[in-house]
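Understanding the architecture of this molecule
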Amino acid sequence: MAESQLDVLSVGNVVNDIFIRLLDDQAKLEDSAHGPTISMPYGAKVPFDFSEKIVAVGNAPNAAVAFSRLGLKSGLASNVGEDDDGRDIIKQLQKSRVDTRFVHINPGKKSQTHFVLWYKEDRTILVRDQIDYEYHWPRFRIIDLPKWIYFSSVGKSAVEYDDAITHWLEAHPAIKLALQPGTFQIQTGTERLKRLYARTQVLAVNREEAATIVGGHHDNVHALLDKLHELGPKVVVISDGHAGAYASDGVNRYKMPIYPDPKPPFERTGAGDAFTSTFVAAMIHGADIAGALLWAPINPMSVVQKVGAQAGLLTQKEIEHFLRIAPESYHPERLR
């Protein structure tokens, strides 16, 4: 891929997922104090349906591929190991027209693999945070400077990497930041990330994450939006599962329903990434938050009909097709 200025550089971990499809009659869901749990016989040989390896996935690479499909010059800044899995990751990203010049190969290290227990339409992911990569924010030539940074999870070992990106963004005020914080970033607390939040153009979280960040108010979405804006982001997006999503630019505030599923979801991995990256892509293309909310739910509707986070990602032409055939009820509702 020829080097040129990127519209958006996604930043975050990249992994390979190995999906293991569990048979409906070989596991069951049980309630617990922490929510539904999967139960299987202990110490037994449990039959499964099939397994499938999905290469080059994660919050940031999923977004990078979505941006590329939506007609943007897209790249990824990440880490891989010096192994076959790492080479496969880079090849797959390049196949998806994602610029890989900022993917760092770590000598002597292995690439990350997650195992996905897929039961019915949902999944439980077995993860191992890679703690031995050396995270270094790249040095950019003028031609390398992207117009947007899309920053997502990098793992609990990369706190100083967050600081380096924050410092770099403060030194480059023309570059816009979309932030989809990961679990470990949220756990570090708002004080630790206050400079990053203050530098954010678009902050995207789910409702539970929003409540964790601001310290409560789960039932009051207006309070969540207000308190998140107080941290500095100019646009705040809160996804709320089947209830839809909310977006605010500090003046206008909307609620958006999900796009109707053509059939029951097949597998839900990557739906949140598809929503957030599509919202940001629409804004990069010039949409306001109401227009971005029209785009955003369509990609996750398609993604959940396929295995993995990227197979169902749509092009701009396909998004526009689904907008043309959308029901009358599919529109943003102004809240204030």
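For the structure itself, look to the data block above.
Residues numbered from 1 in each chain as written. Predicted model: local features only at pLDDT ≥ 70, side-chain atom pairs only at ≥ 80, totals over all residues. Heavy atoms only, no water.

**A closer look at the overall build of the chain**
In terms of helices and strands, the chain carries eleven helices and 16 strands. For the chain, whose C-alpha radius of gyration is 20 Å, the value lies close to the compact-globule estimate of 20 Å for 336 residues. Seen through its C-alpha atoms, the chain measures out along the principal axes to roughly 55 × 50 × 40 Å. In the chain, which comprises 336 residues, the share counted as buried stands at 50%. (Helix = DSSP H or I, 4+ residues; strand = E, 2+ residues; numbered from the N terminus. Rg over C-alpha atoms; globule rule 2.2 N^0.38 Å. Buried < 20%, exposed > 50% of the residue type's maximum accessible area, 1.4 Å probe, protein only.)

**Concerning the packing of helix 1 (residues 59–69) against helix 8 (residues 271–284)**
Across the interface, helix 1 lies against helix 8 with an axial gap of 9 Å and an inter-helix angle of 45 degrees. Our classification of the angle between helix 1 and helix 8 gives oblique. With respect to the hand of their crossing, helix 1 and helix 8 are arranged in right-handed fashion. Contacts from Asn 59, Asn 62, Ala 63, Ala 66 and Phe 67 in helix 1 reach Asp 273, Ser 277, Val 280 and Ala 281 in helix 8. Within the contact of helix 1 with helix 8, the residues separate by chemical class into five nonpolar, three polar and one charged. (Axes fitted to C-alpha atoms, helices over the stretch in contact; angles between N-to-C directions. Parallel < 35°, antiparallel > 145°, perpendicular 65-115°, else oblique. Left-handed = near helix turned anticlockwise from the far one by under 90°. Contact = heavy atoms within 4.5 Å. Nonpolar A, V, L, I, M, F, W, Y, C, P; charged D, E, K, R; others polar.)

**Some remarks on the environment of Arg 195**
Relative to the helices and strands, Arg 195 is located in helix 5 (residues 194–198). A relative accessible area of 40% means that Arg 195 is categorised as partly exposed. Put simply, Arg 195 and Leu 169 are 26 residues apart on the chain and 9.9 Å apart in space, counted from C-alpha to C-alpha. With sequence-adjacent residues up to four places away left out, Arg 195 is seen in contact with Thr 166, His 167 and Glu 170. In this structure the side chain of Arg 195 is engaged in a polar contact, spanning 2.7 Å, whose partner is the side chain of Glu 170. (Polar contact = N/O pair within 3.5 Å; in protein donor to acceptor, adjacent residues only side chain to side chain.)

**Some points on the sheet that holds strand 13 (residues 235–239)**
If you walk across this open sheet you meet the ten strands as 7-6-1-10-11-12-13-14-15-16, and the pairing is mixed. Edge positions in the sheet fall to strand 7 (98–106) and strand 16 (333–334), since each has one partner strand and no second. Pairing geometry for strand 12 (residues 202–206) and strand 13, over five bridges, is parallel. Following the sheet pairing, Leu 203 is matched in strand 13 by Val 236. Helix 7 (residues 221–230) contacts strand 12, strand 13, strand 14 (245–248) and strand 15 (253–256) of the sheet and is inclined by roughly 140 degrees relative to strand 13. Packing of helix 8 onto the sheet brings it into contact with strand 1 (8–11), strand 10 (148–151), strand 11 (176–179), strand 12, strand 13 and strand 14, and relative to strand 10 it is tilted by some 170 degrees. (Pairing = 2+ DSSP bridges.)

**Here we look at the sheet that holds strand 5 (residues 48–57)**
Strand order in the open sheet formed by four strands is 5-2-8-9, and the pairing between neighbours is mixed. A single partner strand is all that each edge strand has here, and the edge strands are strand 5 and strand 9 (122–126). Taking each pair of neighbouring strands and ignoring which way they run, the sheet shows an average axis angle of 25 degrees. Sheet topology places strand 2 (residues 15–22) next to strand 8 (residues 113–119); six bridges connect them, and they run parallel. Within strand 8, the position partnered with Arg 21 by the bridge is Trp 118. Helix 2 (residues 84–95) contacts strand 2, strand 5 and strand 8 of the sheet and is inclined by roughly 70 degrees relative to strand 5.

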